[in-house]
Amino acid sequence: MRRNMMRVTGAMALSAVLALSAAACGGDDGGSGGDGNSVTIGFLGDLTGENSGIVIPPKQGAQLAIDEYNATNPKVKIVLKTYDSQGQPDQATSLVQSAIKSDNIVGLIGPAFSGESQQAVPVLEEGKIPNISASATNVTLGEKGWKYWHRVVGNDSMQGTGVAEFLVREAKAKKVFVAHDNEDYSKGLADYVTKGLKEKGVTVEQDVVDPRASDYSSTVNKAKAFKPDAIFYGGYYAQGGRLLKQLRENGVDALFASGDGSLDKGLIEGAGEKNAVNTVVSCPCLIDPTGESSPASKKFAEAYKAKYNSEPAIYAAEGYDAATAFIEAIKAGNTTTEAINEFLKTIDVPGVSKQIKFDDKGEPAGGDVYIYRVEGKELPLLGKASEAKLQ
């Protein structure tokens, strides 16, 4: 702890700078703590880093839900205060400390990524702050015995099983090359995909890439020599795009697949539109810009587009649902952290992405895995992993 003090102090100073910057810029968030007429909910995730494209949509979804609630002129309003971790676990931890001590948050939407969740949630547990992630999918997060942790998205075990079944059924895969960056999220998802494939008799070779590197020639050469029917990358879109570009430039034309961390147009931009054609991406999330899945989804899609002048993207609906869980608690008269956490144990209301309900570990009560496929510069929904067709 002593050896880390200077680093923590520096990170806390950075968090103060970020908070001042946010206040100076205005934006959606602001204020601090509760004053009897309002309470503060935090949102923590990568809002300016290279993978921010999968965190900004849930932040916007959460803001939309809170704005709609505040517009009803409730007895207790909600202030949403954002904390930009840039996807760095150490930074996320120091920001959480600041959020608890300085801003008196009564709940947190996030952390957004699994790696930062591993380090920051113990601080939230110690502070007894209920938290709901809209996007952290690592399986082990639900195995810690945490009392204040929740998520509204399915985990990597469910996603890995769905991906494996899809690749075997639709890609007729007998050999699959699986890569990851050895971080909590990436390795966890890659391992569950590997497990699912091997259970179906598929030969799998794994390799690790450095997420901070730009040259993936070692992995590309191994994949080329393996001659796979499909390649699965378990990490985020910034690295996935670079890997896909280098694979295609070196003559590796096997079907490229990735997980929810790559469900962003940045994957296409990084790889190049020609290289990314027909790439498939899985996600335990529903992106439904036309609102076909339900009336609630249609209403959300229309409101989101009206507010942000763009269609809802990855985890936008889950961000809205995470905020809705807190809103329902506060509407019911719960404004302390303990009272809100007790309410979350029994919540059972319709959401946009799924029914908002948690089991005794904080896991969502249900959900599906979906497949999206690159078409030009877009990633439209192909269907549920159990039903989607490549042809």
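Note that this is a predicted model, so its numbers are computed, not measured.

Looking only at helices and strands, the chain features 13 helices and 14 strands. Radius of gyration (C-alpha) of the chain: 20 Å, near the 21 Å computed for a compact globule of 391 residues. C-alpha atoms of the chain, sized along the principal axes, occupy 65 × 55 × 40 Å. Per-residue burial for the chain yields a buried fraction of 57% across its 391 residues. Put simply, of all contacts in the chain between residues at least 6 apart along the chain, 69% involve residues at least 24 apart. Carbon and sulfur atoms form 50% of the exposed surface of the chain, whose accessible area is close to 16500 Å².

A separate point is helix H12 (residues 316–331). An α-helix turns once per 3.6 residues; consequently, residues spaced three or four apart project the same way. Over its 16 residues, H12 extends 22 Å from the first C-alpha to the last, a length consistent with the 22 Å expected when each residue adds 1.5 Å. Of all 16 residues in H12, 14 are buried, a share of seventy percent or more. Downstream of H12 by a residue or two, Gly 333 has a phi angle that is positive, lying close to 95°.

Taking strand neighbours across the sheet as the criterion, the 7 strands line up as S7-S6-S8-S9-S10-S13-S14 in an open arrangement whose pairing is mixed. Of all the strands in the sheet, the pair left with one neighbour each is strand S7 (203–208) and strand S14 (381–384). Neighbour-to-neighbour, the strand axes of the sheet open up by a mean angle of 20°, direction not taken into account. Bridge count between strand S8 (residues 230–233) and strand S9 (residues 255–258): 4 bridges; the pairing is parallel. Its bridge partner being in S9, Ala 230 is matched across the sheet by Leu 255. Across the sheet, helix H6 (residues 184–199) lies against strand S6 (175–180), S7 and S8, angled at about 165° from S6, the strand it touches most.

Mapped onto the elements, Asp 321 comes out in helix H12. No salt bridge forms around the buried Asp 321; measuring N to O, its nearest opposite-charge neighbour Lys 354 is 5.7 Å away. Reaching out from Asp 321, the side chain makes a polar contact with the backbone nitrogen of Val 352 at a distance of 2.8 Å. Setting aside residues up to four positions removed in sequence, Asp 321 forms contacts with Gly 351, Val 352, Ser 353, Lys 354 and Ile 356.

Once that is clear, we can look at the environment of Gly 45. In this structure, Gly 45 sits in strand S1 (residues 38–45). Overall, Gly 45 belongs to the buried group, its relative accessible area being 0%. In sequence terms Gly 45 and Glu 378 are 333 residues apart; their C-alpha atoms lie 24 Å from each other. Residue contacts for Gly 45: discarding those within four places in its chain leaves Val 55, Tyr 83, Asp 84, Ser 85, Gln 86, Ala 112 and Glu 116.

All right, on to the packing of aromatic side chains then. Overall, the coordinates contain 7 aromatic pairs when judged by the stated rule. Ring plane angle 55° and centroid distance 5.7 Å describe the contact between Phe 300 and Tyr 304, whose orientation is recorded as tilted. With Phe 300 and Tyr 304 both in helix H11 (residues 295–308) and 4 residues apart, this pair spans about one turn of that helix. Residue Tyr 304 is classed as buried on the basis of its relative accessible area, which comes to 1%. Cluster of aromatic residues (ring-pair linked, three or more members): Phe 300, Tyr 304, Tyr 308 and Tyr 320. One Lys or Arg, Lys 175, reaches over the ring of Phe 226 and ends 4.6 Å from the middle of that ring.

All right, on to the state of the cysteines then. Across all of its chains, the model carries 1 disulfide by this definition. A disulfide bridge connects Cys 283 with Cys 285, and the sulfur atoms are separated by 2.0 Å. The S-S bond linking Cys 283 to Cys 285 shows a torsion near 120°; that makes this disulfide right-handed. Assigned by exposure class, Cys 283 and Cys 285 land together as buried.

A separate point is the confidence of the model for the chain. In the predicted model, the chain carries a mean pLDDT of 90, and the fraction of residues at 70 or more is 91%. Counting interchain partners and residues more than four positions distant, the pLDDT-below-50 stretch residues 1–33 has 32 contacts.

Attention now moves to helix H4 (residues 114–127). In a regular helix each residue adds 1.5 Å, so 14 residues correspond to 20 Å; H4 covers 19 Å between its end C-alpha atoms and thus fits that length. The largest bend in H4 comes to about 40°, at Ala 120, with the proline Pro 122 one to four residues further on. Counting buried positions over the 14 residues of H4 gives 10, a clear majority of the element. Three or more residues of H4 are buried, namely Ser 114, Gly 115, Glu 116, Ser 117, Gln 118, Ala 120, Val 121, Val 123, Leu 124 and Glu 125.

Time to look at the sheet that holds strand S4 (residues 131–133). Strands sit in the order S2-S1-S3-S4-S5 across an open sheet of 5 strands; the sheet is parallel. Single-partner strands in this sheet number two, and they are strand S2 (77–84) and strand S5 (149–151). The sheet shows a mean angle of 25° between the axes of neighbouring strands, direction not considered. Summarising the sheet, S4 and S5 pair through 3 bridges and their orientation is parallel. Each bridged residue has a counterpart across the sheet, and for Ser 133 the counterpart in S5 is Arg 151.

A separate point is the nonpolar core. Ranked by size, the top nonpolar core spans 100 residues in total, and within it Ile 109, Leu 197 and Leu 263 carry the most contacts. Looking at this core, the element that brings in the most residues is H12, giving 10 residues. Every residue in contact with Ile 109, bar those within four places of it in the chain, is listed here: Ile 41, Gly 42, Phe 43, Leu 44, Ala 62, Leu 80, Ile 132, Ala 322, Ala 323 and Phe 326. Membership of the second largest hydrophobic core comes to 17 residues, among which are Tyr 83, Ile 105, Ala 120 and Ala 136.

Calculation rules
- Residues numbered from 1 in each chain as written.
- Predicted model: local features only at pLDDT ≥ 70, side-chain atom pairs only at ≥ 80, totals over all residues.
- Heavy atoms only, no water.
- Helix = DSSP H or I, 4+ residues; strand = E, 2+ residues; numbered from the N terminus.
- Rg over C-alpha atoms; globule rule 2.2 N^0.38 Å.
- Buried < 20%, exposed > 50% of the residue type's maximum accessible area, 1.4 Å probe, protein only.
- Contact = heavy atoms within 4.5 Å.
- Areas by Shrake-Rupley, 256 points an atom, 1.4 Å probe, with all protein chains shown as cover.
- Expected span 1.5 Å × (residues − 1).
- Pairing = 2+ DSSP bridges.
- Axes fitted to C-alpha atoms, helices over the stretch in contact; angles between N-to-C directions.
- Lys, Arg positive; Asp, Glu negative; His and termini not counted.
- Salt bridge = Lys/Arg side-chain N within 4 Å of Asp/Glu carboxyl O.
- Polar contact = N/O pair within 3.5 Å; in protein donor to acceptor, adjacent residues only side chain to side chain.
- Phe/Tyr/Trp six-rings, centres within 6.5 Å; stacked < 30°, edge-to-face > 60°.
- Lys NZ or Arg CZ within 6 Å of the ring centre and 35° of its normal.
- Disulfide = S-S within 2.5 Å.
- pLDDT = per-residue confidence, 0-100.
- Bend = angle between axes of the 7 residues up to and from the residue.
- Core = buried A, V, L, I, M, F, W, Y, C linked by side-chain atoms within 4.5 Å.

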